[in-house]
Amino acid sequence: MTAFVTLAGVYNMPNFGVERSRDQDLMTTSRALDQFLSSVERRAFKIAQLGLRNDDDALDAVQDAMMKLVQSYASRPVDEWRPLFYRILANGIRDMQRRRTVRGRIMAWLPGHDSDDDEEFDPIAQAPSHDAGPAKRLELDEAIGALEIAVAELPPRQQQAFLLRNFEGLDVNETASAMGCSEGSVKTHYFRALENLRARLGDVF
Amino acid sequence: MTDPTEFERRAREVLEESTARLPGHTRSRLTQARHAALAQLENPARNWWRSYVPAGAAAAVAVLAVVIWSGPTQPVASPVEDMEILADADAPDFAEDGEDLEFYEWAAGEVES
(Lines give C-alpha, C1' and ligand atoms only; values in the text may rest on other atoms or scores of the structure.)
Protein backbone atom coordinates (compact mmCIF):
# COMPACT_ATOMS: atom_id res chain seq x y z
CA MET A 1 0.00 0.00 0.00
CA THR A 2 3.05 2.26 0.17
CA ALA A 3 2.59 3.11 -3.51
CA PHE A 4 -0.86 4.63 -2.82
CA VAL A 5 0.60 6.84 -0.12
CA THR A 6 3.40 7.96 -2.41
CA LEU A 7 1.06 8.91 -5.27
CA ALA A 8 -1.38 10.60 -2.91
CA GLY A 9 1.48 12.62 -1.52
CA VAL A 10 2.53 13.81 -4.94
CA TYR A 11 -0.93 14.96 -5.89
CA ASN A 12 -1.54 16.68 -2.55
CA MET A 13 1.63 18.74 -2.52
CA PRO A 14 0.87 22.43 -2.84
CA ASN A 15 2.78 23.67 -5.88
CA PHE A 16 0.71 26.33 -7.50
CA GLY A 17 3.34 27.34 -10.03
CA VAL A 18 3.53 23.82 -11.44
CA GLU A 19 -0.26 23.46 -11.43
CA ARG A 20 -0.75 26.70 -13.36
CA SER A 21 1.78 25.62 -15.98
CA ARG A 22 0.14 22.22 -16.22
CA ASP A 23 -3.28 23.86 -16.72
CA GLN A 24 -1.92 26.09 -19.44
CA ASP A 25 -0.42 23.09 -21.25
CA LEU A 26 -3.73 21.31 -20.94
CA MET A 27 -5.62 24.25 -22.42
CA THR A 28 -3.16 24.52 -25.29
CA THR A 29 -3.44 20.83 -26.05
CA SER A 30 -7.21 20.92 -25.74
CA ARG A 31 -7.50 23.81 -28.19
CA ALA A 32 -5.14 22.17 -30.64
CA LEU A 33 -7.06 18.89 -30.44
CA ASP A 34 -10.36 20.70 -30.86
CA GLN A 35 -9.05 22.43 -33.97
CA PHE A 36 -7.65 19.20 -35.38
CA LEU A 37 -10.75 17.10 -34.73
CA SER A 38 -13.09 19.71 -36.15
CA SER A 39 -10.93 19.81 -39.31
CA VAL A 40 -11.21 16.07 -39.90
CA GLU A 41 -14.54 15.00 -38.42
CA ARG A 42 -16.67 15.38 -41.55
CA ARG A 43 -14.23 13.72 -43.91
CA ALA A 44 -13.64 11.01 -41.32
CA PHE A 45 -17.37 10.41 -41.21
CA LYS A 46 -17.54 10.22 -45.01
CA ILE A 47 -14.67 7.70 -45.05
CA ALA A 48 -16.36 5.60 -42.36
CA GLN A 49 -19.71 5.87 -44.11
CA LEU A 50 -18.27 4.56 -47.37
CA GLY A 51 -16.53 1.73 -45.54
CA LEU A 52 -19.43 0.67 -43.34
CA ARG A 53 -22.39 1.76 -45.49
CA ASN A 54 -24.28 2.71 -42.36
CA ASP A 55 -24.53 6.18 -40.84
CA ASP A 56 -24.88 5.11 -37.21
CA ASP A 57 -21.94 2.73 -37.42
CA ALA A 58 -19.91 5.43 -39.12
CA LEU A 59 -20.67 7.90 -36.33
CA ASP A 60 -19.69 5.32 -33.72
CA ALA A 61 -16.43 4.61 -35.53
CA VAL A 62 -15.56 8.30 -35.70
CA GLN A 63 -16.41 8.89 -32.05
CA ASP A 64 -14.32 5.87 -30.98
CA ALA A 65 -11.38 7.15 -32.99
CA MET A 66 -11.68 10.60 -31.41
CA MET A 67 -11.85 9.13 -27.92
CA LYS A 68 -8.84 6.90 -28.45
CA LEU A 69 -6.76 9.66 -29.99
CA VAL A 70 -7.41 11.95 -27.03
CA GLN A 71 -6.97 9.18 -24.46
CA SER A 72 -3.77 7.73 -25.80
CA TYR A 73 -2.07 10.16 -28.15
CA ALA A 74 -2.83 13.70 -26.99
CA SER A 75 0.76 14.10 -25.86
CA ARG A 76 2.21 13.13 -29.24
CA PRO A 77 3.45 15.84 -31.65
CA VAL A 78 0.67 17.56 -33.55
CA ASP A 79 1.93 16.43 -36.94
CA GLU A 80 1.46 12.81 -35.86
CA TRP A 81 -2.20 13.20 -35.02
CA ARG A 82 -3.56 12.90 -38.55
CA PRO A 83 -2.01 9.53 -39.51
CA LEU A 84 -2.63 8.26 -35.98
CA PHE A 85 -6.28 9.27 -36.09
CA TYR A 86 -6.87 7.63 -39.45
CA ARG A 87 -5.01 4.52 -38.33
CA ILE A 88 -7.35 4.25 -35.35
CA LEU A 89 -10.34 4.93 -37.58
CA ALA A 90 -9.26 2.31 -40.14
CA ASN A 91 -8.84 -0.28 -37.40
CA GLY A 92 -12.27 0.56 -36.00
CA ILE A 93 -13.89 0.27 -39.41
CA ARG A 94 -12.19 -3.06 -40.04
CA ASP A 95 -13.28 -4.41 -36.64
CA MET A 96 -16.88 -3.38 -37.28
CA GLN A 97 -16.81 -4.98 -40.72
CA ARG A 98 -15.55 -8.23 -39.22
CA ARG A 99 -18.15 -8.19 -36.46
CA ARG A 100 -20.81 -7.55 -39.03
CA THR A 101 -19.58 -10.50 -41.11
CA VAL A 102 -19.67 -12.83 -38.12
CA ARG A 103 -23.06 -11.52 -37.04
CA GLY A 104 -24.40 -11.97 -40.56
CA ARG A 105 -23.26 -15.58 -40.68
CA ILE A 106 -24.86 -16.32 -37.34
CA MET A 107 -28.09 -14.54 -38.24
CA ALA A 108 -28.29 -16.42 -41.52
CA TRP A 109 -28.69 -19.65 -39.59
CA LEU A 110 -31.53 -18.33 -37.46
CA PRO A 111 -35.08 -19.04 -38.68
CA GLY A 112 -37.13 -16.09 -39.69
CA HIS A 113 -34.15 -13.86 -40.39
CA ASP A 114 -34.84 -11.50 -43.22
CA SER A 115 -31.77 -9.94 -44.74
CA ASP A 116 -33.89 -7.13 -46.11
CA ASP A 117 -34.24 -5.89 -42.53
CA ASP A 118 -30.56 -4.97 -42.45
CA GLU A 119 -29.84 -1.33 -43.08
CA GLU A 120 -27.93 -0.75 -46.24
CA PHE A 121 -26.13 2.30 -47.42
CA ASP A 122 -27.84 3.75 -50.45
CA PRO A 123 -26.12 6.89 -51.67
CA ILE A 124 -28.76 7.43 -54.32
CA ALA A 125 -31.54 7.44 -51.73
CA GLN A 126 -29.54 9.70 -49.44
CA ALA A 127 -28.60 12.18 -52.14
CA PRO A 128 -30.80 15.28 -52.01
CA SER A 129 -33.57 15.11 -54.54
CA HIS A 130 -34.20 17.95 -56.89
CA ASP A 131 -37.36 17.95 -58.91
CA ALA A 132 -36.12 20.99 -60.69
CA GLY A 133 -32.82 22.79 -60.45
CA PRO A 134 -29.75 23.78 -62.28
CA ALA A 135 -28.42 21.15 -64.63
CA LYS A 136 -25.05 21.46 -62.97
CA ARG A 137 -26.46 20.48 -59.58
CA LEU A 138 -28.26 17.49 -61.03
CA GLU A 139 -25.11 16.43 -62.77
CA LEU A 140 -23.24 16.70 -59.48
CA ASP A 141 -25.90 14.66 -57.71
CA GLU A 142 -25.46 11.88 -60.22
CA ALA A 143 -21.69 12.05 -59.93
CA ILE A 144 -21.87 11.88 -56.13
CA GLY A 145 -24.15 8.87 -56.21
CA ALA A 146 -22.11 7.01 -58.80
CA LEU A 147 -18.76 7.75 -57.14
CA GLU A 148 -19.91 6.79 -53.68
CA ILE A 149 -21.29 3.48 -54.91
CA ALA A 150 -18.09 2.73 -56.80
CA VAL A 151 -15.86 3.67 -53.86
CA ALA A 152 -17.99 1.72 -51.39
CA GLU A 153 -17.58 -1.38 -53.56
CA LEU A 154 -13.80 -1.17 -53.80
CA PRO A 155 -11.79 -3.82 -51.93
CA PRO A 156 -11.08 -2.48 -48.42
CA ARG A 157 -7.39 -1.74 -48.89
CA GLN A 158 -7.94 0.01 -52.22
CA GLN A 159 -10.75 2.00 -50.68
CA GLN A 160 -8.57 3.06 -47.75
CA ALA A 161 -5.65 4.04 -49.97
CA PHE A 162 -7.87 6.03 -52.32
CA LEU A 163 -9.76 7.91 -49.62
CA LEU A 164 -6.70 8.70 -47.52
CA ARG A 165 -4.54 9.80 -50.46
CA ASN A 166 -7.10 11.50 -52.65
CA PHE A 167 -9.84 12.65 -50.32
CA GLU A 168 -8.01 13.31 -47.05
CA GLY A 169 -4.80 14.38 -48.78
CA LEU A 170 -2.30 12.33 -46.81
CA ASP A 171 1.03 11.81 -48.51
CA VAL A 172 2.34 8.33 -49.25
CA ASN A 173 4.30 8.09 -46.01
CA GLU A 174 1.38 9.23 -43.86
CA THR A 175 -0.98 6.89 -45.69
CA ALA A 176 1.39 3.97 -45.12
CA SER A 177 1.46 4.82 -41.44
CA ALA A 178 -2.32 5.05 -41.27
CA MET A 179 -2.79 1.78 -43.15
CA GLY A 180 -0.02 -0.06 -41.38
CA CYS A 181 1.69 -1.08 -44.60
CA SER A 182 4.67 -0.14 -46.77
CA GLU A 183 4.76 2.86 -49.08
CA GLY A 184 5.00 0.48 -52.01
CA SER A 185 1.78 -1.21 -50.94
CA VAL A 186 0.07 2.15 -50.68
CA LYS A 187 1.06 3.03 -54.21
CA THR A 188 -0.13 -0.33 -55.51
CA HIS A 189 -3.48 -0.15 -53.74
CA TYR A 190 -3.99 3.43 -54.88
CA PHE A 191 -3.14 2.68 -58.48
CA ARG A 192 -5.52 -0.27 -58.56
CA ALA A 193 -8.26 1.80 -56.95
CA LEU A 194 -7.91 4.47 -59.62
CA GLU A 195 -8.01 1.89 -62.37
CA ASN A 196 -11.17 0.35 -60.90
CA LEU A 197 -12.89 3.66 -60.48
CA ARG A 198 -11.97 4.95 -63.90
CA ALA A 199 -13.26 1.76 -65.48
CA ARG A 200 -16.61 2.23 -63.74
CA LEU A 201 -16.95 6.00 -63.89
CA GLY A 202 -15.28 6.94 -67.15
CA ASP A 203 -18.63 7.89 -68.71
CA VAL A 204 -19.93 9.72 -65.65
CA PHE A 205 -16.81 11.78 -65.12
CA MET B 1 -9.70 8.53 -71.77
CA THR B 2 -9.59 10.97 -68.85
CA ASP B 3 -6.16 11.94 -67.57
CA PRO B 4 -5.52 10.29 -64.13
CA THR B 5 -4.73 13.62 -62.57
CA GLU B 6 -7.92 15.15 -63.94
CA PHE B 7 -9.89 12.14 -62.75
CA GLU B 8 -8.39 12.41 -59.28
CA ARG B 9 -9.19 16.08 -59.13
CA ARG B 10 -12.75 15.46 -60.20
CA ALA B 11 -13.22 12.59 -57.74
CA ARG B 12 -11.97 14.74 -54.89
CA GLU B 13 -14.27 17.58 -55.87
CA VAL B 14 -17.26 15.25 -55.90
CA LEU B 15 -16.40 13.79 -52.48
CA GLU B 16 -15.87 17.27 -51.03
CA GLU B 17 -19.29 18.31 -52.30
CA SER B 18 -20.85 15.17 -50.82
CA THR B 19 -19.25 15.93 -47.47
CA ALA B 20 -20.44 19.51 -47.56
CA ARG B 21 -23.99 18.22 -47.91
CA LEU B 22 -23.95 16.22 -44.69
CA PRO B 23 -27.28 16.73 -42.95
CA GLY B 24 -27.49 18.93 -39.87
CA HIS B 25 -28.20 16.10 -37.45
CA THR B 26 -25.05 14.28 -38.59
CA ARG B 27 -22.93 17.40 -38.16
CA SER B 28 -24.46 17.91 -34.74
CA ARG B 29 -23.60 14.38 -33.64
CA LEU B 30 -20.05 14.80 -34.86
CA THR B 31 -19.74 17.96 -32.79
CA GLN B 32 -21.07 16.16 -29.74
CA ALA B 33 -18.61 13.32 -30.30
CA ARG B 34 -15.74 15.79 -30.48
CA HIS B 35 -16.78 17.51 -27.27
CA ALA B 36 -17.15 14.17 -25.48
CA ALA B 37 -13.64 13.17 -26.57
CA LEU B 38 -12.15 16.48 -25.44
CA ALA B 39 -13.95 16.24 -22.10
CA GLN B 40 -11.62 13.36 -21.22
CA LEU B 41 -8.70 15.72 -21.51
CA GLU B 42 -10.30 18.53 -19.59
CA ASN B 43 -11.52 16.31 -16.76
CA PRO B 44 -8.60 14.14 -15.76
CA ALA B 45 -10.38 13.41 -12.43
CA ARG B 46 -12.61 11.05 -14.41
CA ASN B 47 -9.58 8.98 -15.12
CA TRP B 48 -8.14 9.21 -11.61
CA TRP B 49 -8.14 5.43 -11.36
CA ARG B 50 -5.62 5.23 -14.19
CA SER B 51 -2.99 6.83 -11.92
CA TYR B 52 -3.56 4.21 -9.26
CA VAL B 53 -3.67 1.19 -11.51
CA PRO B 54 0.09 0.57 -11.37
CA ALA B 55 0.13 1.03 -7.58
CA GLY B 56 -2.98 -1.10 -7.24
CA ALA B 57 -1.42 -3.80 -9.36
CA ALA B 58 1.73 -3.68 -7.24
CA ALA B 59 -0.33 -3.98 -4.07
CA ALA B 60 -2.26 -6.91 -5.52
CA VAL B 61 0.98 -8.66 -6.42
CA ALA B 62 2.30 -8.05 -2.89
CA VAL B 63 -0.81 -9.56 -1.31
CA LEU B 64 -0.63 -12.54 -3.64
CA ALA B 65 3.02 -13.03 -2.79
CA VAL B 66 2.20 -13.02 0.92
CA VAL B 67 -0.52 -15.61 0.41
CA ILE B 68 1.75 -17.87 -1.60
CA TRP B 69 4.85 -17.61 0.60
CA SER B 70 3.10 -17.71 3.97
CA GLY B 71 2.23 -21.34 3.30
CA PRO B 72 -0.71 -23.37 4.61
CA THR B 73 -1.65 -23.15 8.34
CA GLN B 74 -2.70 -26.80 8.78
CA PRO B 75 0.05 -29.32 9.52
CA VAL B 76 0.69 -31.79 6.80
CA ALA B 77 2.33 -35.11 7.41
CA SER B 78 5.74 -35.55 5.86
CA PRO B 79 6.37 -38.38 3.39
CA VAL B 80 8.52 -40.16 5.99
CA GLU B 81 5.71 -40.07 8.49
CA ASP B 82 3.36 -41.42 5.83
CA MET B 83 5.60 -44.42 5.28
CA GLU B 84 5.74 -45.16 9.00
CA ILE B 85 1.97 -45.03 9.22
CA LEU B 86 1.63 -47.41 6.27
CA ALA B 87 4.21 -49.72 7.67
CA ASP B 88 2.39 -49.80 10.97
CA ALA B 89 -0.88 -50.51 9.22
CA ASP B 90 0.62 -53.53 7.47
CA ALA B 91 1.96 -55.03 10.59
CA PRO B 92 -0.37 -57.54 12.26
CA ASP B 93 -1.71 -56.38 15.57
CA PHE B 94 -1.96 -59.45 17.78
CA ALA B 95 -3.21 -57.47 20.73
CA GLU B 96 -6.55 -56.80 18.99
CA ASP B 97 -7.47 -60.46 18.62
CA GLY B 98 -6.85 -62.35 21.79
CA GLU B 99 -8.22 -65.65 20.53
CA ASP B 100 -5.73 -65.85 17.66
CA LEU B 101 -2.91 -65.08 20.07
CA GLU B 102 -3.79 -68.07 22.26
CA PHE B 103 -3.89 -70.32 19.20
CA TYR B 104 -0.45 -69.21 18.04
CA GLU B 105 1.00 -69.76 21.47
CA TRP B 106 -0.47 -73.35 21.53
CA ALA B 107 0.80 -73.98 17.97
CA ALA B 108 4.25 -72.78 18.97
CA GLY B 109 4.18 -75.14 21.90
CA GLU B 110 3.19 -78.11 19.73
CA VAL B 111 5.97 -77.35 17.31
CA GLU B 112 8.56 -77.26 20.06
CA SER B 113 7.34 -80.53 21.46
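Everything in this summary refers to the structure shown in the same document. From a predicted model like this one, the values you see are computed outputs, not experimental measurements.

Cut-off values and rules
Residues numbered from 1 in each chain as written. Chains lettered and ligands numbered in written order. Predicted model: local features only at pLDDT ≥ 70, side-chain atom pairs only at ≥ 80, totals over all residues. Heavy atoms only, no water. Helix = DSSP H or I, 4+ residues; strand = E, 2+ residues; numbered from the N terminus. Buried < 20%, exposed > 50% of the residue type's maximum accessible area, 1.4 Å probe, protein only. Areas by Shrake-Rupley, 256 points an atom, 1.4 Å probe, with all protein chains shown as cover. Contact = heavy atoms within 4.5 Å. Core = buried A, V, L, I, M, F, W, Y, C linked by side-chain atoms within 4.5 Å. Phe/Tyr/Trp six-rings, centres within 6.5 Å; stacked < 30°, edge-to-face > 60°. Axes fitted to C-alpha atoms, helices over the stretch in contact; angles between N-to-C directions. Parallel < 35°, antiparallel > 145°, perpendicular 65-115°, else oblique. Nonpolar A, V, L, I, M, F, W, Y, C, P; charged D, E, K, R; others polar. Salt bridge = Lys/Arg side-chain N within 4 Å of Asp/Glu carboxyl O. Expected span 1.5 Å × (residues − 1). Lys, Arg positive; Asp, Glu negative; His and termini not counted. Left-handed = near helix turned anticlockwise from the far one by under 90°.

**Structural notes on the overall build of chain B**
Per the secondary structure count, chain B includes 5 helices and 0 strands. Counted from the first residue to the last, chain B has its helices and strands arranged as α-α-α-α-α. Expressed as a percentage of the 113 residues in chain B, the buried residues total 19%. Split by element, the accessible area of chain B, about 8,600 Å² in all, is 61% carbon and sulfur.

**Some remarks on the overall build of chain A**
When you go through chain A residue by residue, the secondary structure sums to 9 helices and 0 strands. Starting at the N terminus and ending at the C terminus, chain A contains elements arranged as α-α-α-α-α-α-α-α-α. Burial analysis of chain A (205 residues in total) assigns 37% to the buried set. Sequence separation of 24 or more characterises 66% of the internal contacts of chain A that already satisfy a separation of 6 or more. Put simply, chain A shows about 11,900 Å² of open surface, and 51% of that area lies on carbon and sulfur atoms.

**A few points about the nonpolar core**
What tends to happen in soluble globular proteins is that the nonpolar side chains get buried as a cluster. Core analysis: the biggest nonpolar cluster contains 62 residues, and A:Leu69, A:Phe85, A:Tyr86, A:Leu89 and A:Phe162 have the highest contact counts within it. Ignoring anything within four residues of it in the chain, the contact list for A:Phe162 reads A:Val151, A:Phe167, A:Tyr190, A:Ala193, A:Leu194, A:Leu197, B:Ala11 and B:Leu15.

**Describing the packing of aromatic side chains**
All names here are of chain A. Under the definition given, this model contains 4 aromatic pairs over all chains. The interplanar angle of 55° and the centroid separation of 5.9 Å between the aromatic rings of Phe36 and Trp81 together place this pair among those described as tilted. Residue Phe36 is located in helix H2 (residues 16-52), and its partner Trp81 is located in helix H4 (residues 78-109); the two are separated by 45 residues in the primary sequence. Take Phe36 and Trp81: they sit in the same class, and that class is buried. When the ring of Phe36 is compared with that of Phe85, the centres are 5.9 Å apart and the planes differ by 90°; the resulting orientation is edge-to-face. Separated by 49 residues along the polypeptide, Phe36 in helix H2 and Phe85 in helix H4 bring together distant segments of the chain. Note on Phe36: relative accessible area 9%, which makes it buried.

**A word on the packing of helix H7 (residues 156-167) of chain A against helix H9 (residues 183-201) of chain A**
All names here are of chain A. Look at H7 against H9: their axes get within 8 Å of each other, and the N-to-C directions meet at 95°. It follows from the interaxial angle that H7 and H9 lie roughly perpendicular. Here Arg157, Gln158, Ala161, Phe162, Arg165 and Asn166 of H7 lie close against H9, whose contacting residues are Val186, His189, Tyr190, Arg192, Ala193, Leu194, Asn196 and Leu197. Considered class by class, the residues forming the contact of H7 with H9 number 7 nonpolar, 4 polar and 3 charged.

**Details of the environment of B:Glu17**
Summarising the element assignment, B:Glu17 is placed in helix H1 (residues 4-20). In this view, B:Glu17 contacts A:Arg137, A:Leu140 and A:Ile144; residues no more than four positions away in its chain are not counted.

**Re the pattern of salt bridges**
For the structure on display, the rule yields 17 salt bridges over all chains. Residue B:Arg29 pairs with A:Asp56 through a salt bridge whose shortest N-O separation is 3.2 Å. Note that B:Arg29 is positioned in helix H2 (residues 24-42) and A:Asp56 in helix H3 (residues 55-73), a pairing that runs across two chains. Judged by relative accessible area, which is 39%, A:Asp56 ranks as partly exposed. A salt bridge links B:Arg9 to B:Glu6, with the shortest nitrogen-to-oxygen separation between them at 2.7 Å.

**Let's talk about H4(A)**
Spanning 32 residues, H4(A) covers 48 Å between terminal C-alpha atoms, matching the ideal 46 Å at 1.5 Å per step. If you check which residues of H4(A) are buried, you get A:Trp81, A:Pro83, A:Leu84, A:Phe85, A:Tyr86, A:Ile88, A:Leu89, A:Ala90, A:Ile93 and A:Met96.

**Examining helix H6 (residues 135-152) of chain A**
The end-to-end C-alpha distance of H6(A), which contains 18 residues, comes to 26 Å, matching closely the 26 Å that a straight helix rising 1.5 Å per residue would cover. Among the residues making up H6(A), those that are buried are A:Leu140, A:Asp141, A:Ala143, A:Ile144, A:Gly145, A:Leu147, A:Glu148, A:Ala150, A:Val151 and A:Ala152.

**Some points on the side chain of B:Glu8**
Checked against the element boundaries, B:Glu8 lands in helix H1. For the buried B:Glu8, no salt bridge exists, and the shortest N-O distance to an oppositely charged side chain is 6.0 Å, to A:Arg165.

**Details of the packing of H4(A) against helix H8 (residues 172-179) of chain A**
All names here are of chain A. Orientation of H4 relative to H8, taken along the N-to-C sense of each, is 40°, at an axis distance of 7 Å. Once H4 is placed against H8, the crossing between them reads as right-handed. Contacts from Pro83, Tyr86, Arg87 and Ala90 of H4 reach H8 at Glu174, Ser177, Ala178 and Met179. By residue class, the composition of the contact of H4 with H8 is 5 nonpolar, 1 polar and 2 charged.

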